[in-house]
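Spelled out from the first residue to the last, the chains are:
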Amino acid sequence: MVFRKLPGVSASGMGLRLSQKFVFLLFLSGLVTLCFGALFFLPDTMRLKRIFLSKNENPAVTVGSDNVLSKKVRKPSVTHGARTVERSVGSRAQDEWSPAKAHEPCLLKPPLGKNKGTPSDSETLQRREKVKEMMKFAWDNYKRYAWGKNELRPLTKNGHIGNMFGGLRGASIVDSLDTLYIMGLMEEYEEAKEWIQDNLDLNSNGEASLFEVNIRYVGGLLSAYYLTGAEIFKQKVLELGEKLLPAFNTPTGIPRGVINLGSGTSWSWGWASAGSSILAEFGTLHLEFVHLSELSRNPLFTEKVMNIRKLLNKIEKPHGLYPNFLSPVSGNWVQHHVSIGGLGDSFYEYLIKSYLMSDKTDEEAQKMYYSAMEAIEANLVQKSPGGLTYVAEWRGGILDHKMGHLACFSGGMIGIGADDGPAGQKQHYLDLAAEITHTCHESYSPTKLGPEAFRFDAGAEATATRLSDRYYILRPEVIESYMYMWRLTHDPKYREWGWEAVEALEKHCRVEAGFSGIRDVYASTVSHDNMQQSFFLSETLK
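Residues numbered from 1 in each chain as written. Predicted model: local features only at pLDDT ≥ 70, side-chain atom pairs only at ≥ 80, totals over all residues. Heavy atoms only, no water.

An unreviewed UniProt entry lists the protein under the name alpha-1,2-Mannosidase, with Cyprinus carpio given as the organism. According to the UniProt record, the Sequence similarities (unreviewed entry) comment for the protein reads "Belongs to the glycosyl hydrolase 47 family." Annotation of the protein in UniProt includes, under Pathway (unreviewed entry), the sentence "Protein modification; protein glycosylation." (UniProt positions renumbered as here; feature names shortened; annotations may be inferred.)

As structure tokens, then:
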């Protein structure tokens, strides 16, 4: 080999220099190989992938099957099965993604639609304004006597804290945010927002119901954020969402029902059979947790709820039914008690709403919902001797011919799901929804308010036969079904039934300092329970 001689460098010096360069390049090559090779052994994080993968390559985070997010707007990538929602649009960098931009279709829009939703006829307008007055009355008394507490005791004119929220305060404030905003009670909304900014302390250290904190606090803050775009709601809800994650630290990933928000320790309810988790509790997280992932760009929230679906799809279901008790340790059903009312109700509601919220792309939720409905119709839906359609409870193959007030949401649920079921079944589902809603209306007698549970045996027709079932605690489910059925059919009877309920609330539940539940819907002399539930403001009046 002949080397060209460089000026001022001897042949032997050149050879030494090249030898040094070769060793250096060899060392550098090995170092680079080692560094990039090590990436395959690092945690599979999105941050590393954003650094080392091209912008056109969208890595998937596999958390289950089917995409639960809408295709209409661009969102952070969360892949369910084969579907991926892109992280970026064109060449826009991931870090430019903004939840406010991504949710422009539902942010900062007049919540009441054209002309603030003002009805064209005077009677409907007057009724609407009456409900708004009821909301302001309930809110003003809560503010006067219970501000910062969780709920108002209107008879004794003081606040109630309770033990469901783990030391969190202001449940009525958080729960009412969207109702205040939708009704245009802007001064009251601003008061609520200011309290949340200055006083909502999430550093509590008590036992909290995962379910109740999720639906009232997480749901309330998410709704307020999407309606208003106010960053304080996003900030608080993401902080709270992180505190709920330790509840999922079980052998199966099925969360336990109770969590200490300070320590992260979780356990099952003492009354739950064999330390089980409750279907309506772990099944009522999906909507909120998917949005926590969207807002935080952290797929972990979605992974947690998709894992619940994965397990539910894997285990055998008796006659296609979902029992109410599941072991978070073994992943097996603990007892075969099935109900579309308490302990089971909102699991089914969240399936159909997850499908609808995803712009009808969440085919897994669709399949689970309609399969469950088929099993419920085959095993639980009954007709009373008097011709009333109801949904019984199922205990190991034996029917219990009762229906709870909580189950009366199902009329509206079945109605909103009528469009997307098996071919040719739309009218069938609308008819079933109307029949169940009619039955629940029949239970609202003679006070036009309904009992906690009513029966269809021993000659009873939608009647509470036990003293312990006769109370009414300002629940929304029957009125909710009226509202959905009005929207779906525009049959004026549903508005009239709703107005009957308004008049009954005014007559029997309104007291000097708010609204109270009543102990016996059949009694001629009303006895109040001294509790203005937060869901009365957030759901019933809405």
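From this point, things continue past the structure.
A.B. asks: Before we go on, may I ask you to explain helix H15 (residues 426-443) in this structure?
C.D. replies: Three- or four-residue spacings in an α-helix give side chains the same orientation, since the helix completes a turn every 3.6 residues. Along its 18 residues, H15 runs 26 Å from first to last C-alpha, staying within 8% of the 26 Å computed at 1.5 Å per residue. Within the span of H15, buried status applies to Tyr429, Leu430, Leu432, Ala433, Ile436, Thr437, Thr439, Cys440, His441 and Ser443. (Helix = DSSP H or I, 4+ residues; strand = E, 2+ residues; numbered from the N terminus. Expected span 1.5 Å × (residues − 1). Buried < 20%, exposed > 50% of the residue type's maximum accessible area, 1.4 Å probe, protein only.)

A.B. asks: Please clarify how the UniProt feature "active site" (unreviewed entry) in the protein should be interpreted in this entry.
C.D. replies: In the numbering used here, UniProt assigns the feature "active site" (unreviewed entry) to Glu212, Asp345, Glu452 and Glu477. Along the chain, Glu212 falls in helix H7 (residues 210-228). Beyond its immediate sequence surroundings of up to four residues, Glu212 is in contact with Met164, Phe165 and Tyr217. Topologically, Asp345 is positioned in helix H12 (residues 345-357). The exposure class assigned to Asp345 is buried, which follows from its relative accessible area of 11%. If sequence neighbours within four positions are ignored, Asp345 has contacts with Ala280, Ser339, Ile340, Leu406 and Phe409. (Contact = heavy atoms within 4.5 Å.)

A.B. asks: Would you mind showing me how to read the nonpolar core here?
C.D. replies: One recurring pattern in soluble globular proteins: nonpolar side chains tend to sit buried together. Counting 125 residues, the largest nonpolar core has Ile196, Phe233, Leu312, Tyr348 and Met403 as the members making the most contacts within it. The leading source of residues in this core is H7, at ten residues. If you look at the next biggest cluster of nonpolar residues, it comprises five residues, including Trp269, Ala272, Ile278 and Phe325. (Core = buried A, V, L, I, M, F, W, Y, C linked by side-chain atoms within 4.5 Å.)

A.B. asks: What is the right way to look at the packing of aromatic side chains in this model?
C.D. replies: One pass over the full model with this rule turns up 23 aromatic pairs. With 5.8 Å between their ring centres and 75° between their planes, Phe289 and Phe301 make a pair best called edge-to-face. Remark: Phe301 occurs in helix H11 (residues 300-314) and Phe289 occurs in helix H10 (residues 286-296); sequence separation between them is twelve residues. Centroid distance Phe347 to Tyr348: 5.1 Å. Interplanar angle 70°. Geometry classified as edge-to-face. Judged by its relative accessible area of 4%, Phe347 falls in the buried class. Note that Arg510 overlies the ring of Phe137, its terminal NZ or CZ placed 3.8 Å from the centroid. (Phe/Tyr/Trp six-rings, centres within 6.5 Å; stacked < 30°, edge-to-face > 60°. Lys NZ or Arg CZ within 6 Å of the ring centre and 35° of its normal.)

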